[in-house]
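Secondary and tertiary structure notes
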Amino acid sequence: MFHKEGQTIILITFFIISILILSAQFYVTPLWLRWGIQVIAIAILILILQFFRNPKRVALKSFDEILAPVDGKVVVIEEVEENEYFKGKRKQVSIFMSPLNVHVTRYAASGSIKFSKYHPGKYLVAWHPKASEENERTTVVINTPKFGDILYRQIAGALARRIVNYAEKGDSVQQGDDAGFIKFGSRVDLFLPLDCAITVKLNQKVKGAKTCIASFVDTNEKQKTI
């Protein structure tokens, strides 16, 4: 199953690759060169197909958990100052996606969209410290029943040239549903409340709509046990 955002690219690539393979078959005489062109062409098609794959994921929805919005590797876990929306301290968890990862963005939690904004910008490598503030990106805030407002940011990488964001202010969204797509290399940052419990570690590989990133901590219950 392939993501709808890749349909045009897949069709164009398939058309070009077909012409290339047929041309090599009929017009390239040296056998080694003909096979070399055809193998490389097929490899390129396979890479495009795997990049736009969209595996079906059924999230076990829970108001007490924040799920990974994308597939990838956790590269940042730290307390930071979030200046665009919260203008205060939050726990940041960043997930880096290589070109081999599934690049579908999924809603990390159920709730309503309070804020959604696109920012044009640069195309620094996704792990660059300034990528979160200077690269092409979208910022989305979801109001959730347990965690309150949480923010996620889609960030374009050095190869990415288009971010697709489906979230619109006022939308009611469900955890694990399709929230967008980032084409060709990227990163997603989550900004969460300080009192939540982070359940992943640095360099851990996570799976969108499956891996729990953070869990809700009931401060009232915690105070009762003290």
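Read on for an overview of the structure. The shown structure was predicted, so the numbers you read here are calculated from the model rather than taken from an experiment.

Criteria and cut-off values
Per-chain numbering applies: the sequence of each chain, read as written, is numbered from 1 onward. Per-residue local features of the predicted model are confined to residues with pLDDT of at least 70, and side-chain atom pairs are confined, for both listing and counting, to 80 or more; whole-chain, interface and lining totals are unaffected and use all residues. Remark: hydrogens and water are excluded; side-chain values derive from all non-hydrogen atoms of the structure. For patch building, the residue pool is restricted to those with more than 30% relative accessible area and no salt bridge; the joining distance is 9 Å between like charges and 5 Å between nonpolar side chains (Val, Leu, Ile, Met, Phe, Trp, Tyr). For the accessible areas, the method is Shrake-Rupley and the probe is 1.4 Å, while residue cover comes only from the protein chains on display. The salt bridge definition used is simple: a Lys or Arg side-chain nitrogen within 4 Å of an Asp or Glu carboxyl oxygen. The way it works is that DSSP assigns letters per residue, a run of H or I at least four long becomes a helix, a run of E at least two long becomes a strand, and they are numbered from the N terminus. Note on geometry: axes are lines fitted to C-alpha atoms, helical ones only across the stretch in contact, with angles between N-to-C directions running from 0 to 180 degrees. Throughout this description, any angle smaller than 35 degrees is read as roughly parallel, any larger than 145 degrees as roughly antiparallel, any in the 65 to 115 degree range as roughly perpendicular, and the remainder as oblique. Residue contacts are defined here by distance: any two heavy atoms, one from each residue, within 4.5 Å place the two residues in contact. Polarity classes work like this: nonpolar for Ala, Val, Leu, Ile, Met, Phe, Trp, Tyr, Cys and Pro, charged for Asp, Glu, Lys and Arg, and polar for all others, with Gly in that last group. Each residue's exposure class comes from its accessible area (1.4 Å probe, protein chains only) as a fraction of the maximum for that residue type: buried when under 20%, exposed when over 50%, partly exposed otherwise. Planes of paired rings set the category: under 30 degrees apart is stacked, over 60 is edge-to-face and the rest tilted, where pairs are Phe, Tyr or Trp rings (Trp by its six-membered ring) whose centres lie within 6.5 Å. Nonpolar cores are built from buried Ala, Val, Leu, Ile, Met, Phe, Trp, Tyr and Cys residues. Side-chain atoms within 4.5 Å join them into one set. A pair of strands is labelled paired if DSSP reports no fewer than 2 bridges between them. How far a helix is expected to stretch is found by multiplying one less than its residue total by 1.5 Å.

1. Focus on a nonpolar patch on the surface
A cluster of nonpolar side chains, namely I12, F15, I16 and I19, defines an oily patch on the protein surface of about 400 Å² accessible area. Looking at the secondary structure, you find F15 in helix α1 (residues 7–27).

2. Thoughts on the packing of α1 against helix α2 (residues 31–51)
One way to put it is that α1 packs onto α2 with a least axis distance of 9 Å and a crossing angle of 170°. The orientation of α1 with respect to α2, classified from their angle, is roughly antiparallel. Where α1 abuts α2, its residues I9, I10, T13, F14, I17, L20, I21, A24 and Q25 lie against R34, I37, Q38, A41, I42, I44, L45, I48 and L49. Looking at the contact of α1 with α2 residue by residue, the classes come out as 14 nonpolar, three polar and one charged.

3. Examining the pattern of salt bridges
As enumerated under the stated definition, the model contains seven salt bridges in all. For K89, the salt bridge identified is with E81, shortest N-O distance 3.6 Å. Assessed through its relative accessible area of 43%, K89 is described here as partly exposed. Taking the shortest distance from any N to any O, the salt bridge between R153 and E84 comes out at 2.9 Å. You can see R153 sitting in strand β7 (residues 148–156) and its partner E84 sitting in the loop between β2 (72–82) and β3 (88–97), a full 69 residues away along the chain. What makes R153 buried here is its relative accessible area of 5%. Its relative accessible area of 25% is what places E84 among the partly exposed residues.

4. Thoughts on the packing of aromatic side chains
Going through the model one piece at a time under the given rule, you end up with six aromatic pairs. Ring centres of F51 and F181 lie 6.0 Å apart, and the angle between their planes is 75°; on these two criteria the pair is classed as edge-to-face. With F51 in helix α2 and F181 in strand β10 (residues 178–182), this pair connects stretches of sequence that are 130 residues apart. One exposure class covers both F51 and F181, and it is buried. Here the aromatic rings of F147 and F216 are separated by 5.8 Å at their centres, their planes lie at 80°, and the arrangement is edge-to-face.

5. A short note on the nonpolar core
Grouped together as the largest cluster of nonpolar side chains are 30 residues, with contacts concentrated most on I66, Y107, I142, Y152, L190, L192 and I213. Of all the secondary structure elements, the ones that give two or more residues to this core are β3, β6 (137–144), β7, β10, β11 (186–192) and β14 (212–215). Once residues within four sequence positions are removed from consideration, L192 is found in contact with I66, R90, K91, I150, I198, I213 and A214. Core analysis: the second largest hydrophobic core is formed by eight residues, I10, F51, V102 and V164 among them.

6. Focus on the pairing of strand β5 (residues 111–119)
As judged from the two bridges shared by β5 and strand β9 (residues 172–173), these two strands associate in the antiparallel manner. Looking across to β9, one finds that G111 is bridged to V173.

7. Some remarks on the sheet that holds β7
Here eight strands make up an open sheet; going across it, the order is β9-β5-β6-β7-β11-β3-β2-β13 and the pairing antiparallel. Among the strands making up the open sheet, the edge pair consists of β9 and β13 (205–206). Two strands pair when backbone bridges link them, and β3 and β11 are joined in this way by seven bridges, in the antiparallel orientation. The partner of I95 across the bridge, within β11, is V188.

8. A few points about α1
Spanning 21 residues, α1 covers 30 Å between terminal C-alpha atoms, matching the ideal 30 Å at 1.5 Å per step. The secondary structure elements touched by the buried residues of α1 are α2.

9. Some words on the sheet that holds β14
Across the sheet, three strands lie side by side as β1-β14-β12; this open sheet has antiparallel pairing. Edge positions in the sheet fall to β1 (65–67) and β12 (197–198), since each of these pairs with one other strand and no more. In terms of strand pairing, β12 meets β14 through two bridges, oriented antiparallel. Note on β14: the bridge partner recorded for A197 is S215.

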